[in-house]
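Given next are the chains, with one letter for each unit.
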Amino acid sequence: MRKVLLTALCVVSFGIAQAHSPLKRIVKKHSTKSPVVADSTSFYERIPLVHDILGYAKKYISSRYRSGGSSPRGFDCSGFTRFCFSKFGITLPHSSAAQGNVGVKIDQEVARPGDLIFFKGHSSRDRHIGHVGMIVEIVGDRIKFIHSAWNGGVRYDWLHASYYQQRYVGIRRVVG
């Protein structure tokens, strides 16, 4: 398992160095004079580790919320993200505030599936991280995430919903 994870991290590191250009790149082929547009699929959407983590997380849709929970019997928000990432050898702390210090801070405009997304707690006036989810899809400027919410368990929500926009804190990349 460690060998697979190490290989994946090496591939990710190499890919990041190669991916600093826009999503649609012009690639010149040796046999033609005109440029060809390369595949515009996002680099992070092609990383098997991210797909595996997200696929694993989706298996737990509708699992119940449980304060302090970190197993299929019930998850709190950080217990859910920790559980999903740990299956693939990535250790996260068991608190949303602590997870908010892991990885690299990412601007919303460059967020990708697999990134962690953070929110304030129950009050939009709160200053501290109190909730975490995992980005699963980006459609235009809309971000869809999976999380374990106290009022519904593991489910999908969208950042553009006013409840989450008012509590949005930031995004961090832990894969890569």
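Before reading further, recall that the structure is shown in the block above.
Residues numbered from 1 in each chain as written. Predicted model: local features only at pLDDT ≥ 70, side-chain atom pairs only at ≥ 80, totals over all residues. Heavy atoms only, no water.

A.B. asks: Just to check I follow, could you spell out the overall build of the protein for this structure?
C.D. replies: Scanning the protein from terminus to terminus reveals 5 helices and 10 strands. With 176 residues in all, the protein has 40% of them scored as buried. In the protein, the share of contacts with a sequence separation of at least 24, taken over all contacts with a separation of at least 6, comes to 53%. A total accessible area of about 10,400 Å² is found for the protein, and carbon and sulfur atoms account for 53% of it. (Helix = DSSP H or I, 4+ residues; strand = E, 2+ residues; numbered from the N terminus. Buried < 20%, exposed > 50% of the residue type's maximum accessible area, 1.4 Å probe, protein only. Contact = heavy atoms within 4.5 Å. Areas by Shrake-Rupley, 256 points an atom, 1.4 Å probe, with all protein chains shown as cover.)

A.B. asks: For this particular structure, what's the right way to read the pairing of strand 10 (residues 168-173)?
C.D. replies: Looking down a regular strand, the side chains alternate between one sheet face and the other. In this structure, strand 5 (residues 104-106) lies alongside strand 10, joined through 3 bridges in antiparallel fashion. Bridge pairing links Ile 106 to Ile 171 in strand 10. Taken together, the 4 bridges between strand 6 (residues 116-120) and strand 10 define a ladder with antiparallel strand orientation. In the sheet register, Leu 116 faces strand 10, and the bridge partner there is Arg 172. (Pairing = 2+ DSSP bridges.)

A.B. asks: Any chance you could explain the side chain of Arg 172 here in plain terms?
C.D. replies: The residue Arg 172 is located in strand 10 in this model. Buried Arg 172, no salt bridge; nearest opposite-charge side chain is Asp 115, N-O distance 9.9 Å. A polar side-chain atom of Arg 172 sits 3.3 Å from the main-chain carbonyl oxygen of Gly 100. Within the structure, the side chain of Arg 172 is placed 2.7 Å from the backbone oxygen of Val 102, a separation counted as a polar contact. With sequence-adjacent residues up to four places away left out, Arg 172 is seen in contact with Gln 99, Gly 100, Asn 101, Val 102, Gly 103, Val 104, Lys 105, Ile 106, Asp 115, Leu 116 and Phe 118. (Lys, Arg positive; Asp, Glu negative; His and termini not counted. Salt bridge = Lys/Arg side-chain N within 4 Å of Asp/Glu carboxyl O. Polar contact = N/O pair within 3.5 Å; in protein donor to acceptor, adjacent residues only side chain to side chain.)

A.B. asks: Could you clarify how one ought to interpret the nonpolar core in this entry?
C.D. replies: Soluble globular proteins: nonpolar side chains tend toward being buried together. The biggest cluster of nonpolar side chains holds 26 residues, and the ones touching the most others in it are Ile 53, Phe 80, Cys 84, Phe 85, Met 134 and Val 175. Of all the secondary-structure elements, those providing two or more residues to this core are helix 2 (48-58), helix 3 (77-86), strand 6 and strand 7 (129-139). Among the elements that make up this core, the one with the highest residue count is helix 2 (6 residues). Grouped together as the second largest cluster of nonpolar side chains are 10 residues, Ala 111, Ile 143, Phe 145 and Tyr 164 included. (Core = buried A, V, L, I, M, F, W, Y, C linked by side-chain atoms within 4.5 Å.)

A.B. asks: Got a minute to help me understand the pattern of salt bridges in this structure?
C.D. replies: Pairs can form between side chains of opposite charge whenever their charged atoms are close. Enumeration according to the criterion identifies 3 salt bridges in this entry. Between Lys 144 and Glu 137 there is a salt bridge, with its nearest N and O atoms 3.7 Å apart. Overall, Glu 137 belongs to the partly exposed group, its relative accessible area being 33%. Here Arg 155 makes a salt bridge to Asp 157, at a shortest N to O gap of 2.6 Å. With relative accessibility at 22%, the residue Arg 155 sits in the partly exposed group. Residue Asp 157 is classed as buried on the basis of its relative accessible area of 16%.

A.B. asks: Mind showing me how you'd approach the packing of aromatic side chains here?
C.D. replies: For any two aromatic rings, the description comes down to two numbers: the centre-to-centre distance and the angle of the planes. Summed over all chains, the structure comprises 12 aromatic pairs. Relative to Tyr 164, the ring of Phe 119 has its centre 5.3 Å away and its plane inclined at 65 degrees; by these criteria the two rings are edge-to-face. You can see Phe 119 sitting in strand 6 and its partner Tyr 164 sitting in helix 5 (residues 162-167), a full 45 residues away along the chain. Classification of Tyr 164 by relative accessible area gives buried; the value is 6%. Seen in terms of ring centroids, Tyr 163 and Tyr 164 are 5.0 Å apart; in terms of plane orientation they differ by 85 degrees. Their pairing is edge-to-face. With relative accessibility at 38%, the residue Tyr 163 sits in the partly exposed group. Of note, Lys 144 hangs over the ring of Tyr 156, and the distance from its end group to the ring centre comes to 4.4 Å. One cation-aromatic arrangement involves Arg 167 over Tyr 163; the distance from NZ or CZ to the ring centre is 3.9 Å. (Phe/Tyr/Trp six-rings, centres within 6.5 Å; stacked < 30°, edge-to-face > 60°. Lys NZ or Arg CZ within 6 Å of the ring centre and 35° of its normal.)

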